[in-house]
Amino acid sequence: MRVLVTNDDGVHGPGLAVAERIAEAVGDEIWVVAPETDQSGLAHSLSLNDPLRLRKIGGRRFAVRGTPTDCIIMAIRQLMDEPPDLVLSGVNSGQNLADDVTYSGTVAGAIEGTLLGIPSIALSQAFQFDGDDRQVPWETAEQHGPDVIGTLLDFGFPDGVFYNVNFPNRPPAEITGTRITVQGSRTHALHTDERIDGRGNRYFWLAYQRKEPEIKPGTDLEAMIHGAVSITPLRLDLTAHGLVEKLERHFAQTVPVADD
């Protein structure tokens, strides 16, 4: 099996090496095409106004000065003689749950793979801070990742569907199992942090001020709280299908129909 690995933390991110080892456990030809620098939070963005610079690191490993989306396109359209059988995006340093999936470059890598017709999985590892240091239990994703991926490969990938997998902040032995989940919801908590530079000019950082969300049963948020690996099937189609007929009827009643 040919596996393409990317991430959004950059080619030097420690989670990329973890993803490579996971890929080696399920495949026999591993390609790594990852961003040259950290691309967290850039979601499903393309580099349209700047050239894509490509750097070969060695073997089938490349760095691209671009986004995770750029990396998938470069890998499949430029570097690989045949498409991969599987795309793994991650392992992200930090969970990608609930509404945060819309910001995630890790999830975007799986989205682009799916758009190109490749079975794709986003992988993220939750962690906690110990003072200023991240304490990331990478061994949890590395130990449980291959079995999760193997089971998903056995099940299959419906058209337009990819899987968002999150590993909880626990040692491997303390994982309580796996749960198939739906996407949860958080209270939006991004705010602007205003500061002054050395010349007296204002500038701003985007920052989080998290509020405790309502944890609904069956969600990815609930699975993580209970120490289970969360597997959420996501789809490219964002249409609110349940509203289509209702919206049609509403417009038929309120908007005049043009005469032929």
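First, a word on what this report is: a plain description of the structure on this page.

Cut-off values and rules
Every chain's residues receive numbers from 1 upward, in the order its sequence appears when written. Under the rules for a predicted model, residues below a pLDDT of 70 receive no local features and side-chain atom pairs below 80 are neither given nor counted, while totals for whole chains, interfaces and linings still include all residues. Only hydrogens and water are set aside when side-chain values are computed; all heavy atoms of the structure are taken into account. Helix and strand assignments come from DSSP, with helices taken as H or I runs of at least 4 residues and strands as E runs of at least 2, each series counted from the N terminus. When a residue's accessible area, from a 1.4 Å probe over protein chains only, is under 20% of the maximum for its type it is buried; when over 50% it is exposed; and in between it is partly exposed. Only heavy atoms matter for contacts: two residues are in contact if any of them lie within 4.5 Å across the pair. All accessible-area figures derive from a Shrake-Rupley calculation using a 1.4 Å probe, and residue coverage is judged against the displayed protein chains alone. Charged residues are defined here as Lys and Arg on the positive side and Asp and Glu on the negative side; His and the ends of the chain fall outside this count. We put the charge of a Lys on NZ, of an Arg on CZ, of an Asp on CG and of a Glu on CD. For each structure, a 1 Å grid was placed over the protein atoms alone; sets of points admitting a 1.4 Å probe that cannot get out are labelled cavities, open sets with protein on both sides within 12 Å along at least five of seven lines are labelled pockets, and lining residues have an atom within 4 Å of a point. Grid points are joined across faces, edges and corners, and a volume is the space filled by probe spheres set on the points. Here the nonpolar group is Ala, Val, Leu, Ile, Met, Phe, Trp, Tyr, Cys and Pro; Asp, Glu, Lys and Arg are the charged ones; every other residue, Gly included, is treated as polar. Pairing between two strands is assigned when DSSP locates at least 2 bridges connecting them. In this analysis an axis means a line fitted to C-alpha atoms, helices contributing only their contacting stretch, and an angle means the value between N-to-C directions, from 0 to 180 degrees. Any angle that falls under 35 degrees is termed roughly parallel, while one over 145 is termed roughly antiparallel, one within 65 to 115 roughly perpendicular, and all others oblique. Each crossing gets its hand from how the near helix is turned against the far one by less than a right angle, where anticlockwise is left-handed and clockwise is right-handed.

### Regarding the overall build of the protein
Part 1 of the argument: The number of helices and strands found in the protein is 6 helices and 13 strands.
Part 2 of the argument: When its C-alpha atoms are laid out on the principal axes, the protein stretches across 65 × 55 × 45 Å.
Part 3 of the argument: For the protein, the residues scored as buried account for 45% of the 260 residues in total.
Part 4 of the argument: Contacts in the protein between residues at least 24 apart in sequence constitute 75% of all its contacts with a sequence separation of at least 6.
Part 5 of the argument: Of the roughly 14,400 Å² of accessible surface on the protein, a fraction of 50% belongs to carbon and sulfur atoms.
Part 6 of the argument: Taking the 22 positively charged and 37 negatively charged side chains of the protein as two groups, their mean positions are separated by 4 Å.

### Describing the layout of surface pockets
Part 1 of the argument: Size it by volume and the second largest pocket reaches roughly 320 Å³.
Part 2 of the argument: In terms of lining residues, the second largest pocket is bounded by 16 residues, among which Thr 102, Ile 111, Phe 162, Arg 235 and Leu 238 are the most central.
Part 3 of the argument: Those elements that provide at least two residues to the lining of the second largest pocket are α3 (105–115) and β13 (229–235).
Part 4 of the argument: With 4 residues, the single largest contributor to the lining of the second largest pocket is α3.
Part 5 of the argument: Here the lining of the second largest pocket is composed, by residue class, of 10 nonpolar, 4 polar and 2 charged.

### Examining the sheet that holds strand β2 (residues 29–35)
Part 1 of the argument: Taken in spatial order, the 9 strands line up as β3-β4-β2-β1-β5-β6-β9-β13-β10 in an open sheet, and their pairing is mixed. A single partner strand is all that each edge strand has here, and the edge strands are β3 (54–58) and β10 (178–180). Geometrically, the sheet is characterised by an average inter-axis angle of 20° between neighbouring strands, direction not taken into account.
Part 2 of the argument: Pairing geometry for β10 and β13, over 3 bridges, is parallel. Each residue of the ladder has a partner; that of Arg 179, found in β13, is Ser 230.
Part 3 of the argument: The sheet strands contacting α3 are β1 (2–6), β5 (86–93), β6 (120–125) and β9 (161–167), and the helix crosses β6 at an angle near 170°.

### What to know about the packing of helix α1 (residues 14–26) against helix α4 (residues 138–155)
Part 1 of the argument: Running from N to C, α1 and α4 point in directions that differ by 30°, and their axes come no closer than 9 Å. Here α1 is positioned roughly parallel relative to α4, judged by the angle of their axes. Handedness of the α1/α4 crossing: right-handed. Counted together, Pro 14, Gly 15, Val 18, Arg 21, Ile 22, Ala 25 and Val 26 of α1 and Trp 138, Ala 141, Glu 142, Gly 145, Pro 146 and Ile 149 of α4 form the full contact between these two elements.
Part 2 of the argument: Residues that form the contact of α1 with α4 fall into these classes: 9 nonpolar, 2 polar and 2 charged.

Keep in mind that these numbers describe shape and distance, not what the molecule does.
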